[in-house]
Amino acid sequence: MKTDELARVRRTLWAAADELRANSTLSPAEYRGPVLGLIFLAYAEHRIEQVRPELEAKATARRPVTADDYRARSVLFVPDGARLSYLVDLPEGENLGKAIDEAMKLIEGSNPELRNVLPRGYQRLAKSTLSELLRLFAPLPRQLSGDAFGLIYEDFLSNFAASEGRLGGEFFTPHSIVRLIVEIIEPFHGKVYDPACGSGGMFVQCAKFVERHNRSANRELSVYGVEQKEGTVPLAKMNLALHGLSGDIRLANSYYEDPHHAVGAFDFVMANPPFNVNGVDKEKVAGDRRFPHGIPKPDNGNYLWIQQFYAALNDRGRAGFVMANSAGDAGHSEREIRKQVIESGAVDVMVAIGTNFFYTVTLPVTLWFLDKSKRGTDREGTVLFVDARHLYRQIDRAHRDFLPEQIELLANIVRLYRGEDVVTVDGSDTLLKERFPDGTYVDVAGLCKVATRAEIEAQGWSLNPGRYTGTAAVDDDGEDFTEKIAILYDEFTRLSNQADQLRPCVEVAVQIVLSDE
């Protein structure tokens, strides 16, 4: 299917499904499960039909095709009575909701890893709504390729996230952000961990990265996740199954629980944790090995997450995660923790992201990248700062993302810094030549700067990219009002932290003056 045709199908599917939801009594959150379940059935049937002819050609009367044959090809086995085509062809008088519930039960019976995961309750939907949804999704196995199905599933996750507002962000991280993280940490092989895994998008993008390099994700990667919201765990397991992945996703609270015994256990860590969480019980986390640099005094969970990610890496491990901008300049005990992480040599790259990339946070964020393997190399005492706030595609008034060539450019900046070969399959050639004409890394004003540890110490151990990259010399700044406000907010945060640091000194000085009088 051509790109423009796929884009049309994606728009049409969501518009039709959303219209059906609007004419039902269900909220977006209630409607999400049943709709994603039907997309799941369509994709599962598509995957089976892709490999069935080849498997049946090799089968014999004594050795017929079995469910294990499909699993060996990283394909979820779906019994005949659970396939979407079977459900579509049911007689008019059949109880359609009950039949779909039974189909989900059959799939779970054939795939133990999905037991108690797939959605139920289809009998709650009006028969007319169910019939229309089946009519909508039934042609997909014949129309779409595997990757297109994955995009459809991501579209619906994304759109449900937007519909559900703040709560939507708890299960979905935008595709372009995850793709950028993956391209920078390069998870070719090993154990991947996400202690705030939501719907599993980080794992899916890892698998796609491996497959883009002509390897098998199932053979190369083992995935481990933790998710606090009970209703989100099934989304992650379904997402993994859709993409032919098996993983160990646990329901737990990562502040207090460590179901995967994470310390030093993983090759890669990826996450988009909740920002600025307060109310974490400091007594319950005190002494936990996942927080080797101490418990921060402020009522804020950011530096608990950062330490979890750091501690989970083995000696060669890399991490990439989303973090609130304020964490890069936070003062007092948080600054001391940040200093220790920097002095460990593990902080590798910091990328500033502009506004409106997320459904839950309109302010800009920062991507942190750790790399314990750089210890003992020329990069050990340096950090690459990248300011990507001026790079984006405007989707609509309230949302932005990255174009593929922009993701590739940013990843190539990191590759040049690391001394790796650049990749130009997504068309970043021109962008690279404009900024790095000699094909080697150089600092570019307003875009990137390699800072030494001494320079970082001179900036109060700040990890805010804008403090280092400066600004490009241009006639017109080209920034919209929202972007300028975001930059001013960064500066306000920095100055506020400095004021907090100076306040005790001023109070002491005032006391001295008063005592002299």
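Quick note: structure is the one above.
Please read all numbers here as calculations on a predicted model, not as lab measurements. (Residues numbered from 1 in each chain as written. Predicted model: local features only at pLDDT ≥ 70, side-chain atom pairs only at ≥ 80, totals over all residues. Heavy atoms only, no water.)

Considering the pairing of strand S5 (residues 313-324)
Buried residues dominate S5, accounting for 10 of its 12 residues. With 5 bridges connecting them, strand S4 (residues 266-271) and S5 associate as parallel partners. Within S5, the position partnered with Phe266 by the bridge is Leu313. (Buried < 20%, exposed > 50% of the residue type's maximum accessible area, 1.4 Å probe, protein only. Helix = DSSP H or I, 4+ residues; strand = E, 2+ residues; numbered from the N terminus. Pairing = 2+ DSSP bridges.)

A few points about the environment of Ser27
With respect to the helices, strands and loops of the structure, Ser27 is situated in the loop between helix H1 (3-22) and helix H2 (28-58). Taking relative accessible area as the criterion, Ser27 reaches 30% and is therefore assigned partly exposed. Expressed as a C-alpha distance, the spacing of Ser27 and Ser163, which sit 136 residues apart in the sequence, is 9.4 Å.

Structural notes on the sheet that holds S5
With respect to topology, 9 strands assemble into an open sheet ordered S3-S2-S1-S4-S5-S7-S6-S8-S11, the strand pairing being mixed. Every interior strand has two partners, whereas the edge strands, strand S3 (247-251) and strand S11 (448-452), have only one. Each strand of the sheet is rotated relative to its neighbour by a mean of 15 degrees, with strand direction disregarded. Across the sheet, helix H9 (residues 175-185) lies against S4, S5, strand S6 (347-353) and strand S7 (365-371), angled at about 155 degrees from S5, the strand it touches most. Each of strand S1 (190-194), strand S2 (221-227), S3 and S4 is contacted by helix H10 (residues 201-212), which is oriented at about 165 degrees to S2, the strand it contacts most. (Axes fitted to C-alpha atoms, helices over the stretch in contact; angles between N-to-C directions. Contact = heavy atoms within 4.5 Å.)

Brief notes about unusual backbone geometry
Although it is not a glycine, His261 adopts a positive phi angle of roughly 50 degrees. Note on placement: His261 falls in the loop between S3 and S4. The exposure class assigned to His261 is exposed, which follows from its relative accessible area of 63%. Here Asn356, not a glycine, exhibits a phi torsion of approximately 65 degrees, which is positive.

So, the packing of aromatic side chains
Tallying each qualifying case throughout the model produces 14 aromatic pairs. Plain terms: the ring middles of Tyr303 and Trp368 are 6.4 Å apart, the flat faces sit at 80 degrees to each other, and that makes the pair edge-to-face. With Tyr303 in helix H14 (residues 302-312) and Trp368 in strand S7, this residue pair connects regions lying 65 residues apart in the sequence. When sorted by exposure, Tyr303 lands in the same class as Trp368, which is buried. Measuring from ring centre to ring centre gives 4.7 Å for Phe357 and Phe402, while their planes differ by 45 degrees; the resulting arrangement is tilted. Of this pair, Phe357 sits in the loop between S6 and S7 while Phe402 sits in the loop between strand S10 (399-401) and helix H16 (404-418); the two residues are 45 residues apart in sequence, bridging distant segments of the chain. Neither Phe357 nor Phe402 differs from the other in exposure class; each is buried. (Phe/Tyr/Trp six-rings, centres within 6.5 Å; stacked < 30°, edge-to-face > 60°.)

Comments concerning the pattern of salt bridges
Pairs may arise between side chains of opposite charge once their charged atoms sit close together. With the rule as written, the count across this model stands at 29 salt bridges. A salt bridge links Glu49 to Arg83; its shortest N-O distance comes to 3.5 Å. A residue pair is termed long-range when its members are at least 10 positions apart, and Glu49 in helix H2 and Arg83 in the loop between helix H3 (67-72) and helix H4 (84-88) qualify at 34 residues. The partly exposed category is assigned to Glu49, whose relative accessible area is 31%. In this structure, Glu420 and Arg318 form a salt bridge, with 3.7 Å as the shortest nitrogen-oxygen distance. (Salt bridge = Lys/Arg side-chain N within 4 Å of Asp/Glu carboxyl O.)

Treat this as a map of the structure, not an account of what it does.
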